Amino acid sequence: AQKVTQAQTEISVVEKEDVTLDCVYETRDTTYYLFWYKQPPSGELVFLIRRNSFDEQNEISGRYSWNFQKSTSSFNFTITASQVVDSAVYFCALSEGGGYQGGSEKLVFGKGTKLTVNP
Amino acid sequence: GAVVSQHPSWVICKSGTSVKIECRSLDFQATTMFWYRQFPKQSLMLMATSNEGSKATYEQGVEKDKFLINHASLTLSTLTVTSAHPEDSSFYICSAPGGVRDEQYFGPGTRLTVT
């Protein structure tokens, strides 16, 4: 069975601190996709990143960076110099199967990490 | 980019009534759509996979007779919560794969409150 674990339920930091959100996954598939989504209080999911299982390169996008390590089945997300606007619930997700190139199968979500950035 | 809409964005209904939620892909066709449910302060859980022109596939534990799904066209899937009860109060989110890179696009969600 596929499973995503986000061990950190809530994290609180002060603005400008760096923060890392952990994600550990389980799957038997050799082809899979990993995602991170941001969910602000409005509820709408904001797509942050998608990574396929064959691409272990770390990625940086502005203040955001992701560390994918297949050896530990982890896909951690780091926000550098956090800002108040980063406050939200962040979900890590796993796409079952790899039938479509974009990983458009149904997603298995972790329980989410609520990040609060205080001024 | 591709957009998925949901209607209504929020709804309040009385216990025992039925509520229909629409999920539309606005600029692409979607033969498959997914329906998720999110209880307060919890994660998103897949309820069912909606297939255009055929029956929906429900996840274990989801009552197919209570949550009716109809995917009548390539741009519209509907979820009807029949005989709603307060425990059905939740945030319902749909998604659809599409676009050039066949990505997953999420709707903005529908907040259902059953009184």
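So, here's what we can say about the structure. (Residues numbered from 1 in each chain as written. Chains lettered and ligands numbered in written order. Predicted model: local features only at pLDDT ≥ 70, side-chain atom pairs only at ≥ 80, totals over all residues. Heavy atoms only, no water.)

Describing the state of the cysteines
Residue and element names in this part refer to chain A. Cut-off, in case you're wondering: Any pair of cysteine sulfurs within 2.5 Å is marked as a disulfide. By definition, any uninterrupted DSSP run of H or I lasting at least four residues is a helix, any uninterrupted run of E lasting at least two residues is a strand, and each is numbered from the N terminus. Only protein chains enter the area calculation, which uses a 1.4 Å probe; residues under 20% of their type maximum are buried, those over 50% are exposed, and those in between are partly exposed.
Evaluated as defined, the whole model comprises two disulfides over all chains. Each sulfur of the disulfide joining Cys 23 and Cys 92 lies 2.0 Å from the other. In this structure the cystine formed by Cys 23 and Cys 92 twists about its S-S bond by roughly -65°; its chirality is therefore left-handed. Of this pair, Cys 23 sits in the loop between β3 (19–21) and β4 (24–26) while Cys 92 is found in strand β10 (residues 88–95), placing the two residues 69 residues apart along the sequence. Cys 23 sits in the buried class, given a relative accessible area of 0%. For Cys 92, a relative accessible area of 0% corresponds to the buried category.

Some remarks on the pattern of salt bridges
Filter applied, for reference: One speaks of a salt bridge when a side-chain nitrogen belonging to Lys or Arg is within 4 Å of a carboxyl oxygen belonging to Asp or Glu.
One pass over the full model with this rule turns up six salt bridges over all chains. With a closest N to O distance of 2.7 Å, Glu 59 of chain A and Arg 51 of chain A form a salt bridge. The class for Glu 59 of chain A is partly exposed, based on a relative accessible area of 29%. Classification of Arg 51 of chain A by relative accessible area gives buried; the value is 6%. Its salt-bridge partner being Asp 88 of chain B, residue Lys 66 of chain B comes within 2.8 Å of it at the nearest N-O pair. One end of the pair, Lys 66 of chain B, is in the loop between β6 (57–58) and β7 (67–73); the other, Asp 88 of chain B, is in the loop between β8 (76–81) and β9 (90–98), and 22 residues separate them in sequence. Asp 88 of chain B matches Lys 66 of chain B in its accessibility class, with the two residues each being buried.

Digging into the sheet that holds strand β3 (residues 19–25) of chain B
Residues and elements named next belong to chain B. Which entries qualify depends on this criterion: Each pair of strands is called paired provided DSSP finds at least two bridges between the two strands. Between N-to-C directions, angles cover 0 to 180 degrees, with each direction set by a line fitted to C-alpha atoms, over the stretch in contact for helices.
Taken together, the four strands give an open sheet; going across it, the order is β1-β3-β8-β7, and neighbouring strands pair in antiparallel fashion. Of all strands in the sheet, those with a lone pairing partner are β1 (4–7) and β7, marking the two edges. Strand-to-strand, the axes of this sheet are offset by a mean angle of 15°, without reference to chain direction. Relative to β8, β7 runs antiparallel, the two being bridged by five bridges. When the sheet's bridge partners are listed, Phe 67 is paired in β8 with Val 81.

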